Structure formats: structure tokens, C-alpha cells
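# Structural features, examined
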Amino acid sequence: MNYETLLAFTIATFALAISPGPDNIFVFIQSIKNGKKFGIAVVGGLMTGCLVHTTLLAFGVSAIIKDNPDIFNLIKIFGAVYLLFLATSVYRSNDSISFETKKKTGKSLSALFRQGFIMNVLNPKVTIFFLAFFPGFLFSDSLSTIIQFYVLGVLFIIVSSFVFCGIALLSGSISNFLTTNKRTGLVLKWLQITVFVGIAIFLFFG
């Protein structure tokens, strides 16, 4: 097992989780609107959805790349190109972070859990991102690729849950910080670009 690869995956996941995106912004908004436990309910739904994507990736991609290194290399190249596309999209985007948190949703914990699950599972961008991100971090020559994908998926869920739950629990402080520090959006924007480009380079040459 290549523990350096797992560490690189963990660091990349952490950096992506703290960068502004639809999922963590939604968690933040629900925490501000309805309370911290409602934000954590959303996190539960989102992370359960990630497990579905991991399963699809593990069994689908594992079957495709088994005994076929050429296809595996094509998947890695696709992943690198897609991540560079994401980096370009972030670069072209506005670096301001806007939150609309005035109106309460009135939804229950279970309803927000379901909403988080559905918005994750039915989002094709998540599937594409997992396909681009995970294959380049396979870390063992002896373990089956299915097991490796599940290890990466669980690690992704653990790290993302830690960050997202932190956002929910510290939503009030984060809101005050973002209000008083106008350059935070710019810093997080370039963090996201750096991570995407770094992973793309890793996939090209790893």
C-alpha cells in the first residue's frame, strides 16, 4: 500500500471540502437559517449520496479497467483534463461569496437529509468528478480496485463530513468572518484552482 498516495488524497479532499461549492454552501445556509442540527442533517444526506457514487464507481470502473491498462490511462487523462476545465471555470468565476439566508425553510431534519441525498445522487457532476478524481489515487498493486475505490470513498466521506459538520457547527462565526474579511473569497478561489491543477498534474505524471 502506498500511504503517501492516501495522504495526498486526504489533503486534496480537505482542500476541496473547505473551498466554496454548492454542497458546503447549502450546508452553511441551512445551518444559518434553521440551526446547526439541520445543517448536519444535510451533511448526512450528502455523504450518503457520496456512498452511492462510490459504489457506482467501484463496480463500474473496476470492471472496465480490469486487465486493460490502456483504458485506465485514458480515464486518468480524462480526469486530468476535466480537473483543468474545473480550474479554468473557477478562475473565470467571481471571487465573492454570497449567501442568501433570510428566510427559513421550515423543513424537518429528515426532509433536509433527503434533500441532501437527492441533490447529491442526482447530480451528474458528482459522478463525473468522482470518475476524474478517484482513479488517479489507487494505492495498491495487491488489493482489488473495488476495495481501493471503497477505501477512497470512505476516506472522502470522513474528511468531507468533518469539514462540513465544522461548517454547520461554526456557521455563525464563519458568517461573521466572511463579513469582515472581504479577501477570503479570493483566497479560497485560488486554493481551489491550485488543488484542481495540482491533482491534474498528479494524474498526468503519477
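Above this text sits the structure in question.
This text gives an overview of the structure that appears in the document. Residues take numbers from 1 onward in each chain, read along the sequence in its written order. Residue-level local features of this predicted model are given only where pLDDT is at least 70; pairs of side-chain atoms are given and counted only at 80 or more, and the full residue set underlies all totals for whole chains, interfaces and linings. The basis for every side-chain value is the complete set of heavy atoms in the structure, and neither hydrogens nor water enter the calculation.

### Description of the overall build of the protein chain
Note the threshold: We count a stretch as a helix when DSSP gives it H or I for four or more residues in a row; a strand needs E for two or more, and each element gets its number in order from the N terminus. The reference for a compact globule is 2.2 Å times residues^0.38; the radius of gyration itself is calculated from the C-alpha atoms. Residue contacts are defined here by distance: any two heavy atoms, one from each residue, within 4.5 Å place the two residues in contact. Accessibility throughout is a Shrake-Rupley quantity obtained with a 1.4 Å probe, and a residue counts as covered only by protein chains that appear here. By the counting rule applied here, Lys and Arg register as positive and Asp and Glu as negative, while His and the ends of each chain are not counted. Here the site of a charge means NZ on Lys, CZ on Arg, CG on Asp, or CD on Glu.
In terms of regular secondary structure, the protein chain is built from nine helices and zero strands. Computed over C-alpha atoms, the radius of gyration of the protein chain comes to 18 Å, within 12% of the 17 Å expected from 2.2 N^0.38 for 206 residues, which places it in the range of a compact globule. Principal-axis analysis of the C-alpha atoms places the extent of the protein chain at approximately 55 × 35 × 25 Å. At a minimum sequence separation of 6, the contacts of the protein chain that also span at least 24 residues come to 85%. When the accessible surface of the protein chain is split by element, carbon and sulfur atoms take 68% of a total near 11000 Å². One finds the centroid of the 15 positive side-chain charges in the protein chain at a distance of 20 Å from the centroid of its 7 negative side-chain charges.

### Observations concerning the state of the cysteines
Quick note on the threshold: In plain terms, two cysteine sulfur atoms within 2.5 Å form what is called a disulfide here. Three exposure classes are used, based on accessible area relative to the maximum for each residue type with a 1.4 Å probe and protein chains only: buried under 20%, partly exposed in between, and exposed over 50%.
Using the criterion set out here, one finds zero disulfides in the structure. Summary of cysteine pairing: Cys 50 is not part of a disulfide, and the nearest cysteine sulfur, belonging to Cys 165, is at 13 Å. Residue classification places Cys 165 among the partly exposed residues on the basis of a relative accessible area of 22%.

### A look at the side chain of Asn 120
Along the chain, Asn 120 falls in helix H5 (residues 109-121). Judged by its relative accessible area of 2%, Asn 120 is buried. Not counting the four nearest positions on each side in its chain, Asn 120 is found in contact with Asp 23, Leu 46, Gly 49, Cys 50, His 53 and Val 126.

### Some points on the packing of aromatic side chains
Let me state the cut-off plainly: Planes of paired rings set the category: under 30 degrees apart is stacked, over 60 is edge-to-face and the rest tilted, where pairs are Phe, Tyr or Trp rings (Trp by its six-membered ring) whose centres lie within 6.5 Å.
Inspection of every chain in the model, using the stated rule, returns 16 aromatic pairs. Ring geometry for Tyr 91 against Trp 190: centres 5.8 Å apart, planes inclined by 75°, an arrangement best described as edge-to-face. Here Trp 190 lies in helix H9 (residues 184-205) and Tyr 91 lies in helix H4 (residues 69-92), a separation of 99 residues in the sequence. On the basis of relative accessibility, which here comes to 41%, the residue Trp 190 falls in the partly exposed class. Plain terms: the ring middles of Phe 130 and Phe 156 are 5.1 Å apart, the flat faces sit at 70° to each other, and that makes the pair edge-to-face. Taken together, the residues span a long stretch of sequence, with Phe 130 in helix H6 (residues 124-133) and Phe 156 in helix H7 (residues 145-169) at a distance of 26 residues. Neither residue differs from the other here; Phe 130 and Phe 156 are each classed as buried.

### A closer look at the nonpolar core
As a reminder, the rule being used: Note on terminology: a nonpolar core comprises buried Ala, Val, Leu, Ile, Met, Phe, Trp, Tyr and Cys residues joined through side-chain atoms within 4.5 Å.
Counting 50 residues, the largest nonpolar core has Phe 129, Phe 133, Phe 134, Phe 164 and Ile 199 as the members making the most contacts within it. For this core, the secondary-structure elements that each account for two or more residues are helix H1 (3-18), helix H2 (22-34), helix H3 (36-65), H4, H6, H7 and H9. A per-element tally of this core places H3 first, with 11 residues.

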